[in-house]
Amino acid sequence: MEKPLANVDLALLAQQNAEILEELRALRREVTELKEQSGRTLDFERRNDPRRPNSLTQR
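About the cut-offs
Residues numbered from 1 in each chain as written. Predicted model: local features only at pLDDT ≥ 70, side-chain atom pairs only at ≥ 80, totals over all residues. Heavy atoms only, no water. Helix = DSSP H or I, 4+ residues; strand = E, 2+ residues; numbered from the N terminus. Buried < 20%, exposed > 50% of the residue type's maximum accessible area, 1.4 Å probe, protein only. Areas by Shrake-Rupley, 256 points an atom, 1.4 Å probe, with all protein chains shown as cover. Patch = residues over 30% accessible without salt bridge, like charges linked within 9 Å, V, L, I, M, F, W, Y side chains within 5 Å. Salt bridge = Lys/Arg side-chain N within 4 Å of Asp/Glu carboxyl O.

A. Quick peek at the overall build of the protein. Looking only at helices and strands, one finds 2 helices and 0 strands in the protein. The buried share among the 59 residues of the protein stands at 3%. Accessible area for the protein stands at about 6,000 Å²; split by element, carbon and sulfur atoms hold 55% of it.

B. Spatial organisation of a nonpolar patch on the surface. Taken together, the side chains of V8, L10 and L13 define a hydrophobic patch exposed on the protein surface, amounting to about 290 Å² of accessible area. Among the secondary structure elements, V8 is positioned in the segment before helix 1 (10-47). For V8, a relative accessible area of 42% puts it in the partly exposed group.

Take a look at the structure:
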């Protein structure tokens, strides 16, 4: 015997879903930016680390 579906407001769910997707896209953009920034920072720190031999810093 099948249970009847609960009374669901599809318009509300669609709106919430759209908001969640928008937030997810914004977070993904932010993560991408942070990865790029951290990559540049690490690269800069590596090149300027006095413990590294000069031969490794030349690219």
